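Here's the letter readout for the chains.
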Amino acid sequence: MNQHLRTDPVPFVDIGAQRRRIGQSIDDAVGRVLTHCQFIGGPEVAEFEAKLAAYTGAKHVIGCANGTDALLMVLMAKGVGPGDAVFCPSFTFCATVSPAARTGATPILVDVDEATFTIDVASLKRAVATAKKLGLKPKAIIPVDLFGQPADHDGVAAIAEAEGMFVLDDAAQSLGATYKGKRLGTFGAATTTSFFPAKPLGCYGDGGAIFTDDDQLAAALRSIRVHGQGTDKYDNIRLGLTGRLDTIQAAVLLEKLKIFDDEIVARNKVAQRYAQSLGNIVTVPRVAEGNTSIWACYTIRLPKGTDRDAFAASLKAQGVPTAVYYGKSVHMQSAYGMFPVAEGGLPVCEALSAEVISLPVHAYLDEATQDRVIEAVRGAVGR
């Protein structure tokens, strides 16, 4: 049968293939936790934090329950609250923005760069002016390292320093990527990530982590993740959360971390083939010079006028799944529409929301399957 007639589905993210590779080692690791029964705060948590610190170069790693809590915990530790402005790109998942709103601060939504999809520093400058006009104090910037690649950290840092703000880097999709030769995890006051199962480094449930070089911030974060605990559990010295990373998830992540770099190499090979084969018919993602991506998503931009739903249906009929990240930027969603946006609006976010679509990308996508995806895309665009 001709390859293009195959309709067996291509996995969008193939956790099963990864499990076939390291399933026994993960089962053994989980079995050790089941034997020692330290399900909260077991030795695997500290071991994983130490190995992740060594991997990123961060002085402190604080494991936590998920990537959203990670962001919220840092904002709480830094005293963010009513009257403060927190600047976030709008072309992202709402979890970047919701922690700022939950502190009582005001998120100010910012446009993104057309080529990299990450926060646009010119729009960020305009957003700072918007905040001041509203009588808000510029307090924090949350750049997002989107779809696997870093934001413009030098540009963001310069604005933060000029305005007396701190930077909280949202690396939920991009842990393992590098910015000008340096791994994410050491930019700004803190960096956060998520270990949601579909992430390139994902656990078997929810999980997250915070990275910082600040000793005092690290101590506050360790307190916040256990109800604001002080010297003991009945000496709570601040408001906190139940924000811990559980031991079984840490055990799973320890095994996955061993093959993480190998999987990043494989993802980059897939992305390279896509770019070579599709770059003349769709707008393929571009990694900024000097940076690397881990390709958490491979997001293309369809030609103007393309019926995205019809494009997705055409691929689906050939067994090729797609996903739209993000069909509505945050400022277009009903729960967030009341928050201010940068002066001049967010035209790039709105255009991307209408035109982008993501293709399957993972470390176990063989070349024959990549060719199926490529042929399906070329056929759908041509049609």
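Up top is the structure.
Residues numbered from 1 in each chain as written. Predicted model: local features only at pLDDT ≥ 70, side-chain atom pairs only at ≥ 80, totals over all residues. Heavy atoms only, no water.

## A short note on the packing of aromatic side chains
A ring pair, where both rings are aromatic, is described by two values, the distance of the centres and the angle of the planes. Using the following cut-off: Ring pairs shown here join Phe, Tyr and Trp side chains whose ring centres sit within 6.5 Å, with only the six-membered ring taken for Trp; geometry is labelled stacked below 30 degrees between planes, edge-to-face above 60, and tilted in between. Put simply, DSSP H or I for four residues or longer makes a helix, DSSP E for two residues or longer makes a strand, and each gets a number counted from the N terminus. Think of it in three bands: with a 1.4 Å probe and only protein chains considered, a residue is buried below 20% of the maximum accessible area for its type, exposed above 50%, and partly exposed in between.
Applying the stated criterion across every chain yields a total of 12 aromatic pairs. Ring centres of Tyr55 and Phe260 lie 5.9 Å apart, and the angle between their planes is 45°; this geometry places the pair in the tilted category. With Tyr55 in helix α2 (residues 43-56) and Phe260 in helix α8 (residues 247-278), this pair connects stretches of sequence that are 205 residues apart. On the basis of relative accessibility, which here comes to 13%, the residue Tyr55 falls in the buried class. By relative accessible area, which is 1% here, Phe260 ends up buried. For the ring pair Phe91 and Phe147, a centre distance of 6.1 Å and an interplane angle of 90° mean the geometry is edge-to-face.

## Topic: unusual backbone geometry
Across residues other than glycine, the phi torsion is negative in most instances, and most of the peptide bonds are trans. Between Tyr325 and Tyr326 the backbone carries a cis peptide bond, its omega angle lying at 10°. Here Tyr326 is to be found in the loop between α9 (308-317) and α10 (347-355). One non-glycine residue, Cys37, adopts positive backbone phi at about 65°. When you line up the elements, Cys37 lands in the loop between α1 (15-36) and α2. Although it is not a glycine, Phe147 sits at a positive phi angle of roughly 60°.

## Thoughts on the pattern of salt bridges
To keep it simple, the criterion reads: When a carboxyl oxygen of Asp or Glu is within 4 Å of a side-chain nitrogen of Lys or Arg, the pair counts as a salt bridge.
A full pass over the atoms with the stated rule returns 16 salt bridges. We note a salt bridge from Arg372 to Asp8, for which the minimum N-O separation is 3.7 Å. Note that Arg372 is positioned in helix α11 (residues 367-382) and Asp8 in the segment before α1, a separation of 364 residues in sequence. What makes Arg372 buried here is its relative accessible area of 6%. By relative accessible area, which is 38% here, Asp8 ends up partly exposed.

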